[in-house]
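If you want the building blocks of each chain, they are given just below.
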Amino acid sequence: YIKIRELIATGAIGKLKSLDYVDGIVFRWPTSSGFYFQKDRPMGVLFDRGVHSVDAVCWWLGGKPELKSFETDSFGGVEGNVIVKAGYDGCEVRLALSWLNKLQNVYKIIGESGTIEGVFNDWETVTISRDGKKEVIKLEAKVKDYMEFGTYLIGNFIDVTRGEADPLVPASDVLDSLELIEECYRRPSP
């Protein structure tokens, strides 16, 4: 994701026109606490998988997009499907998230002079299209899967609490995404 942010920031595909992020799996996590289904504040896929999606989008854009709409199937309960539409400096942003369906699990960022595309679980490659040519860019990923990613982050957290390292992701870096998610939950569904 660092390379994607770098490509956007350096103008590799020009001024952004749209960013589409689609993430969906069938929810099969066992829950002994019932955390996901608490009645006092029901939150579903946006609060679960969406945290990572919204965070990536905010980070790539360099800020919090303005929420335009938040569509959900929750009817006041836990949502299994959401569509978030937002805008940022002329860029139309759309996130489609699901706990109920296996979706494409891809992102596509369209700029005035090119496109960046990828699969969000593939941390090793990203495709950039410019001038009618596609180029697959190899990324330098320190981790290859979620288990390694978790171990890497938890190791950093332990080192930070011991005073031996700085956080890989400072809390201030995720404020935009948390604010956008809170804004979604405060907005009534159509």
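Residues numbered from 1 in each chain as written. Predicted model: local features only at pLDDT ≥ 70, side-chain atom pairs only at ≥ 80, totals over all residues. Heavy atoms only, no water.

S.K.: What's the story with the overall build of the chain in this structure? I'm lost.
M.R.: When you go through the chain residue by residue, the secondary structure sums to four helices and eight strands. When its helices and strands are written in sequence order, the chain yields α-β-α-β-β-β-β-β-β-β-α-α. The C-alpha radius of gyration of the chain comes to 17 Å, within 12% of the 16 Å expected for a compact globule of 190 residues. Dimensions along the principal axes, computed over C-alpha positions, put the chain at roughly 50 × 45 × 30 Å. Looking at the chain as a whole, 37% of its 190 residues are labelled buried. With an accessible surface of roughly 11400 Å², the chain has 55% of that area assigned to carbon and sulfur atoms. Taken together, the 23 basic and 29 acidic charged side chains of the chain have centroids lying 5 Å from each other. (Helix = DSSP H or I, 4+ residues; strand = E, 2+ residues; numbered from the N terminus. Rg over C-alpha atoms; globule rule 2.2 N^0.38 Å. Buried < 20%, exposed > 50% of the residue type's maximum accessible area, 1.4 Å probe, protein only. Areas by Shrake-Rupley, 256 points an atom, 1.4 Å probe, with all protein chains shown as cover. Lys, Arg positive; Asp, Glu negative; His and termini not counted. Charge placed at Lys NZ, Arg CZ, Asp CG, Glu CD.)

S.K.: How should I be thinking about the nonpolar core in this particular structure?
M.R.: For soluble globular proteins, nonpolar side chains are generally found buried alongside one another. Of all hydrophobic cores here, the largest spans 38 residues; its most connected members are Leu19, Tyr21, Leu46, Trp60, Tyr107, Ile109 and Ile116. Residue contributions to this core peak at six residues, all from helix 2 (residues 50–61). Beyond its immediate stretch of four places on either side in the chain, Leu19 contacts Val57, Trp60, Leu61, Cys91, Glu92, Val93, Arg94, Lys108 and Ile109. (Core = buried A, V, L, I, M, F, W, Y, C linked by side-chain atoms within 4.5 Å. Contact = heavy atoms within 4.5 Å.)

S.K.: Any chance you could explain the environment of Ile137 here in plain terms?
M.R.: Mapped onto the fold, Ile137 is located in strand 8 (residues 133–138). Separated by eleven residues in the primary sequence, Ile137 and Val126 place their C-alpha atoms 5.3 Å from one another. Once residues lying within four places of it in the same chain are set aside, the contact partners of Ile137 are Lys3, Leu7, Glu124, Thr125, Val126 and Ile128.

S.K.: I tried to follow the sheet that holds strand 7 (residues 125–130) on my own but got confused; where do I start?
M.R.: Within a sheet, each strand pairs with its neighbour through backbone hydrogen bonds, oriented either parallel or antiparallel. Taken in spatial order, the eight strands line up as 2-3-4-1-5-6-7-8 in an open sheet, and their pairing is mixed. Each edge of the open sheet carries a strand with a single partner, namely strand 2 (66–72) and strand 8. On average, each strand axis in the sheet is inclined to that of its neighbour by 10 degrees, with strand direction left out of account. One ladder, built from six bridges, connects strand 2 with strand 3 (residues 81–88); its direction is antiparallel. Note that in strand 3 the partner of Phe70 across the bridge is Val84. Relative to strand 1 (residues 16–24), helix 2 is tilted by about 165 degrees, and along the sheet it contacts strand 1, strand 3, strand 4 (91–98) and strand 5 (106–111). (Pairing = 2+ DSSP bridges. Axes fitted to C-alpha atoms, helices over the stretch in contact; angles between N-to-C directions.)

S.K.: How do you make sense of helix 4 (residues 175–186) when you look at a structure like this?
M.R.: Within an α-helix, residues lying three or four positions from one another point in the same direction, as the helix has 3.6 residues per turn. For helix 4, which comprises twelve residues, the first-to-last C-alpha distance of 16 Å matches the rise-based estimate of 16 Å (1.5 Å per residue) to within 8%. Contact partners of the buried residues in helix 4: helix 2, strand 2 and strand 3. (Expected span 1.5 Å × (residues − 1).)

S.K.: I'm lost on the pattern of salt bridges in this one. Help?
M.R.: Side chains that differ in charge, positive against negative, can pair when their charged atoms come close. Throughout the structure, instances matching the rule amount to seven salt bridges. Residue Asp89 is joined to Lys15 by a salt bridge in which the shortest nitrogen-to-oxygen separation is 3.4 Å. With Asp89 in the loop between strand 3 and strand 4 and Lys15 in the loop between helix 1 (2–9) and strand 1, this residue pair connects regions lying 74 residues apart in the sequence. Exposure remark for Asp89: the relative accessible area of 60% places this residue in the exposed category. Owing to a relative accessible area of 40%, Lys15 belongs among the partly exposed residues under this scheme. Its salt-bridge partner being Glu183, residue Lys64 comes within 2.9 Å of it at the nearest N-O pair. (Salt bridge = Lys/Arg side-chain N within 4 Å of Asp/Glu carboxyl O.)

The analysis is restricted to geometry; functional conclusions fall outside its scope.
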